[in-house]
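The primary structure of each chain is shown beneath.
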Amino acid sequence: MDKSYRGDVTASTCWSALSETEDAVLVDVRTSAEWTYVGLPQLGPIGKSVVLAEWQSFPSMAVDPAFAPKLAERLDAAGIGKAAPIYFLCRSGVRSIAGAVAMTAFGYENCFNVLNGFEGPPDEEGHRGRKAGWKAEGLPWSQN
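Every residue gets a number counted from 1 within its own chain, in the order that chain's sequence is written. Local features in this predicted model are restricted to residues of pLDDT 70 or higher, and side-chain atom pairs are both shown and tallied only at a pLDDT of 80 or more, whereas totals for entire chains, interfaces and linings draw on every residue. Each side-chain value is derived from all of the structure's non-hydrogen atoms; neither hydrogens nor water enter the calculation.

**Student:** Teacher, can you tell me more about the overall build of the protein chain here?
**Tutor:** Tallying secondary structure elements over the protein chain gives four helices and nine strands in all. In the protein chain, the succession of α and β elements from N to C terminus is β-α-β-α-β-β-β-β-α-β-α-β-β. Over its C-alpha trace the protein chain gives a radius of gyration of 14 Å, about what one expects of a compact globule, namely 15 Å for 144 residues. Expressed along its principal axes, the backbone C-alpha trace of the protein chain runs to roughly 40 × 35 × 30 Å. Burial classes follow relative accessibility: with a 1.4 Å probe on protein chains only, a residue under 20% of its type's maximum area counts as buried, one over 50% as exposed, and anything between as partly exposed. Relative to its 144 residues, the protein chain shows a buried fraction of 47%. In the protein chain, once contacts between residues fewer than 6 apart in sequence are set aside, the share between residues at least 24 apart is 66%. By definition, any uninterrupted DSSP run of H or I lasting at least four residues is a helix, any uninterrupted run of E lasting at least two residues is a strand, and each is numbered from the N terminus. The size measure is the radius of gyration over C-alpha atoms, and the globule rule it meets is 2.2 Å times the number of residues to the 0.38 power. Any two residues whose heavy atoms approach within 4.5 Å at even a single point are treated as in contact.

**Student:** Would you explain the layout of surface pockets in this entry?
**Tutor:** Summary: where empty space remains is shown by rolling a probe the size of a single water molecule over the atoms. The calculated volume of the largest pocket comes to roughly 180 Å³. Along the wall of the largest pocket there are 14 residues; nearest its centre are Val25, Ser49, Val51, Ala78 and Ile80. Looking at the lining of the largest pocket, the elements with two or more residues in it are β2 (25-28) and α3 (67-77). Here the nonpolar group is Ala, Val, Leu, Ile, Met, Phe, Trp, Tyr, Cys and Pro; Asp, Glu, Lys and Arg are the charged ones; every other residue, Gly included, is treated as polar. Residue classes in the lining of the largest pocket are distributed as nine nonpolar, one polar and four charged. Grid spacing is 1 Å over the protein atoms alone, the probe is 1.4 Å, and a cavity is where that probe fits but cannot get out, while a pocket is an open set with protein on both sides within 12 Å along at least five of seven lines and lining residues have an atom within 4 Å of a point. Grid points are joined across faces, edges and corners, and a volume is the space filled by probe spheres set on the points.

**Student:** Which parts of the structure should I look at to understand the packing of aromatic side chains?
**Tutor:** Here the aromatic set is Phe, Tyr and Trp, taking the six-membered ring for Trp, and pairing holds for ring centres within 6.5 Å; pairs whose planes are under 30 degrees apart are stacked, those over 60 apart are edge-to-face, and all others are tilted. By the definition in use, this model includes four aromatic pairs. Pairing tryptophan 15 with tryptophan 134 gives two aromatic rings, centres 6.0 Å apart and planes at 75 degrees, and the pair type is edge-to-face. One end of the pair, tryptophan 15, is in helix α1 (residues 11-20); the other, tryptophan 134, is in the loop between β8 (110-114) and β9 (141-142), with 119 residues separating them in the sequence. Looking at tryptophan 134, the relative accessible area reads 0%, which means it is buried. Seen in terms of ring centroids, phenylalanine 118 and tryptophan 141 are 5.8 Å apart; in terms of plane orientation they differ by 85 degrees. Their pairing is edge-to-face. One end of the pair, phenylalanine 118, is in the loop between β8 and β9; the other, tryptophan 141, is in strand β9, with 23 residues separating them in the sequence. Taking the relative accessible area as the measure of exposure, phenylalanine 118 reaches 0% and is therefore buried. By relative accessible area, tryptophan 141 is classed as partly exposed at 33%. Across from the ring centre of phenylalanine 118, 4.3 Å away, lies the NZ or CZ of arginine 30, which sits over that ring. As a reminder, the over-ring test applies to NZ of lysine and CZ of arginine, requiring each to be within 6 Å of the ring centre and within 35 degrees of the ring normal. The ring of tryptophan 141 has lysine 135 lying over it, and the distance from NZ or CZ to the ring centre is 4.2 Å.

As structure tokens, this is what we get:
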């Protein structure tokens, strides 16, 4: 485990924490194209909303150098303190580690990576969303 963030959790563990901890937050760091065409976690059943914050911008896929201060401003405006548990999600669990590391370096104490992300690794047929991750674990999500 990378010591520069709190740790890795499964999507189901993340869902439980979001359900049970009032100030716990889910930050989806995928691109706007992924949110639009692949789908989004739905936190309505637990009375929350996903925070959308691109780590990389589509189509260039350049990392946003202002990711941490922009996200910190949004979290602060929502009353989320630096000790709140923050769960980072991407497609498969790589960009979300980068987001967790960046926010930990920015002073947030409890940043977690959601293992296998929203879609997880490809299965034997090359399809994502079936083997592991948010969708495969049967957690709420929707697609436009």
